[in-house]
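# Remarks on the overall topology
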Amino acid sequence: HACFKSLLFFNSGSLLFRAGTRNMDLMGGMVKLMPVTAGCAIVGALSIAGIPPFNGFVSKWLIYQSAIFGKPASIYIVYAVIAIFMSTVTLAYFIKYLGSAYLGTLPERLVGSPAGSPKSMEIVQLLLAAACLLMGIFPAAIVSMFIGILHSASNSIVARMPQDAMGAMPWMGVAIDANSIRA
């Protein structure tokens, strides 16, 4: 969550830097000036909406799975449907953001502007975008690390969680033996 939120905030900063305004109605066509930032915006938008193979999907998948297999099933199924609906709404408003800021016609006042953002802004966005993708493709390593931390931090209910809890998760990216990963 921290990766895609940070990515989207850096992305907004880059847009503000280049466009000189926060008003998205005065933007458009920024992909022509900022292709790296636009690509990172797409990664951030897909991540926050919970689309595979990005990291946002992993957390949403865990929520869906808990809701579907929770007891009593009837109320948790409602929660799963609400979560899926909210993911759809999130995707819709980020499509609006991408369309308003990056697609369309570049405003006259920005024609001839220097392309891109400072390299320091682009590098941070690229690193965060890569983290969003890697954590989406290899989520078992991250989830196993947190399970290990919880095991060592607690002697109560969490400590009774089976070490092979990852086996109950049918989609956990590229096949990684979670038991071989220890915190």
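Residues numbered from 1 in each chain as written. Predicted model: local features only at pLDDT ≥ 70, side-chain atom pairs only at ≥ 80, totals over all residues. Heavy atoms only, no water.

Where helix H3 (residues 55-69) contacts helix H4 (residues 73-102), the two axes come as close as 7 Å, and the packing angle between them is 155 degrees. Between H3 and H4, the interaxial angle falls into the category roughly antiparallel. Classified by chirality, the crossing of H4 by H3 is left-handed. Across the interface between the two elements, Lys60, Ile63, Tyr64, Ala67 and Ile68 of H3 pack against Tyr76, Ile77, Ala80, Ala83, Ile84 and Ser87 of H4. (Axes fitted to C-alpha atoms, helices over the stretch in contact; angles between N-to-C directions. Helix = DSSP H or I, 4+ residues; strand = E, 2+ residues; numbered from the N terminus. Parallel < 35°, antiparallel > 145°, perpendicular 65-115°, else oblique. Left-handed = near helix turned anticlockwise from the far one by under 90°. Contact = heavy atoms within 4.5 Å.)

Moving on to the packing of aromatic side chains. Counted by the stated rule, this structure contains five aromatic pairs. Ring geometry for Tyr76 and Tyr79: centres 5.8 Å apart, planes at 70 degrees, overall edge-to-face. Of the two residues, Tyr76 and Tyr79 both sit in helix H4, three residues apart, roughly one turn of that helix. Using a relative accessible area of 45% as the deciding quantity, one classes Tyr79 as partly exposed. Put simply, the rings of Tyr93, Phe94, Tyr97 and Tyr102 pair up and form one aromatic cluster. (Phe/Tyr/Trp six-rings, centres within 6.5 Å; stacked < 30°, edge-to-face > 60°. Buried < 20%, exposed > 50% of the residue type's maximum accessible area, 1.4 Å probe, protein only.)

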